[in-house]
Amino acid sequence: MPKVLFDCDTGIDDSLALLYLLAHPEVTLLAVLSTAGNVPAQQVSQNNLGWLELVGRDDLEVCLGADAPLATPLMTTEDTHGPLGVGYAELPTPRRAESHRTAAQAWSEITRAHPGEVVGLVTGPATNLALAIRGDPGIPARLRRLVLMGGAFHHAGNTTPTSEWNVAVDPEAWHEVLHAYEELAGTGVALPILCPLDLTETVEMTPDHLLRLADAAGSTPAEALSADDPDGGRSVASNPLVRAFTDAVRFYFEFHREHDSGYIAHMHDPFAAAVAVDPTVATLLDAPVDVELTGSLTRGTTVADHRHMWGRPDNARIAVATDPAAFFDRMIDTVGGYARD
Ligand code: BDR
Ligand code: CA
């Protein structure tokens, strides 16, 4: 029964990660932490509160995080996720505000309240977590496990030629988190699991997956999105959750068609959520990992020293293989069943 602390920059794919965690019968979601990334942190919080309002979970704490990376100004990516971060979705206006505690406080206090039980999941820049560890270096030892979406190892970057978005926005944050784990090597603290682009770009959602999601939710009409008319208007699915998610992801399909390999969308963050719930869905390879901070061409690049040339201990487990079809089957059943209820 994983207890999950979810730190995200919602975000279209973060949205599905959130829905998966809410939907999963074995997951207890402890809090949702908003970090600046795809859109500013305040907007991320509005999105998180909006999704929770839509599914009737206004009991769940949302904590606002830092509004800028550790050492550089914030860059956001509205061209990828839409002006508000959730594509074309129109989420309900939240009727409540964030929690009184910050995201960094939540990392510290929630892991103290549940020592050894909390699964941390970060699907945005790691700013909140790095700040939290600065103030409370005991966090890694209190986590049951930590999963971060980010990095690119043998794969082209999606932000610079070699860097992935979550790391590129705040390279210092990933650097600090990875160094914190390096210092703990040999103490029995579970190494963080990294879900890099190499793998997450193989997890491609298609319009057919959305049709299956609508079916699984018992949504009528079943056509949540017409594959024949990909530029068609808003979703007409009768189920509000399916409708909102379809409107969100249509923007992502259009972005990928323009900049990537077709009318698909990479489900980076939902895949990381699946790994957080059950790490056996991925093959993991341990290695010393660090982040380039100074290279004029390579700042924000993740580097894995598989041959141990640095003489440093392993500080991370890299997800290197998975079964994307099995992932989508699980995701559709879980979120579809939740939407149906
Ligand atoms: C990551 O970047 C963000 O835009 C996505 O939400 C995902 O977390 C992929 O590089
Ligand atoms: Ca994200």
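Rules used throughout
- Residues numbered from 1 in each chain as written.
- Chains lettered and ligands numbered in written order.
- Predicted model: local features only at pLDDT ≥ 70, side-chain atom pairs only at ≥ 80, totals over all residues.
- Heavy atoms only, no water.
- Helix = DSSP H or I, 4+ residues; strand = E, 2+ residues; numbered from the N terminus.
- Rg over C-alpha atoms; globule rule 2.2 N^0.38 Å.
- Buried < 20%, exposed > 50% of the residue type's maximum accessible area, 1.4 Å probe, protein only.
- Contact = heavy atoms within 4.5 Å.
- Donors = N, O, S within 2.8 Å, 3.2 Å for Na, K, Ca; no water.
- 1 Å grid on protein atoms, 1.4 Å probe; cavity = no way out; pocket = protein on both sides within 12 Å on 5 of 7 lines; lining within 4 Å.
- Points joined across faces, edges and corners; volume = space filled by probe spheres on them.
- Near = heavy atom within 4 Å.
- Polar contact = N/O pair within 3.5 Å; in protein donor to acceptor, adjacent residues only side chain to side chain.
- Areas by Shrake-Rupley, 256 points an atom, 1.4 Å probe, with all protein chains shown as cover.
- Sits in = over half its atoms within 2 Å of the grid points.

Visitor: Summarise the overall build of the chain; cite the residues concerned and give the values.
Guide: Each helix and strand in the chain was counted, giving 13 helices and 12 strands. Expected size for 341 residues packed as a compact globule is a radius of gyration near 20 Å; at 19 Å, the chain falls within 12% of this value. The principal-axis extents of the C-alpha atoms in the chain amount to approximately 60 × 40 × 35 Å. Scored against the burial criterion, the 341 residues of the chain give a buried share of 58%. Considering only residue pairs separated by 6 or more positions, the chain has 78% of its internal contacts joining residues 24 or more positions apart.

Visitor: Account for the coordination of the calcium ion (ligand 2), naming residues and giving values.
Guide: Protein-derived ligands of the calcium ion (ligand 2) are D9 (OD), D14 (OD), D14 (OD), T123 (O) and D269 (OD), with the metal-ligand distances lying across 2.3 to 2.6 Å. Taken in sequence order, the residues that donate to the calcium ion (ligand 2) follow the motif D-x4-D-x108-T-x145-D. Of the two residues, D14 sits in helix 1 (residues 12–23) while T123 sits in the loop between strand 4 (118–122) and helix 5 (127–135), which places them 109 residues apart along the sequence. Each member of the pair, D14 as well as T123, carries the same accessibility label: buried.

Visitor: Any details on empty space enclosed by the protein? Residues and values, ideally.
Guide: Evaluated as defined, the whole model comprises one cavity of 30 Å³ or more. Quantified by volume, the largest cavity comes out at close to 40 Å³. Lining the largest cavity we find L16, M205, H209, L213, F245, M331 and I332. At the level of secondary structure, the elements contributing two or more residues to the lining of the largest cavity comprise helix 10 (207–216) and helix 13 (324–340).

Visitor: Lay out the site of ligand 1 in plain terms, naming residues and giving numbers.
Guide: Looking at ligand 1, there are 13 residues lining it, with D13, N38, N158, E164 and D269 nearest. Contacts to ligand 1 include N38, whose side-chain N or O atom sits 2.7 Å from an oxygen atom. The side chain of N158 places a nitrogen or oxygen atom 2.8 Å from an oxygen atom of ligand 1. In the complex, 97% of the free accessible area of ligand 1, which totals 280 Å², lies under the protein chains. Judged by its atoms lying within 2 Å of the grid points, ligand 1 is housed in the largest pocket.

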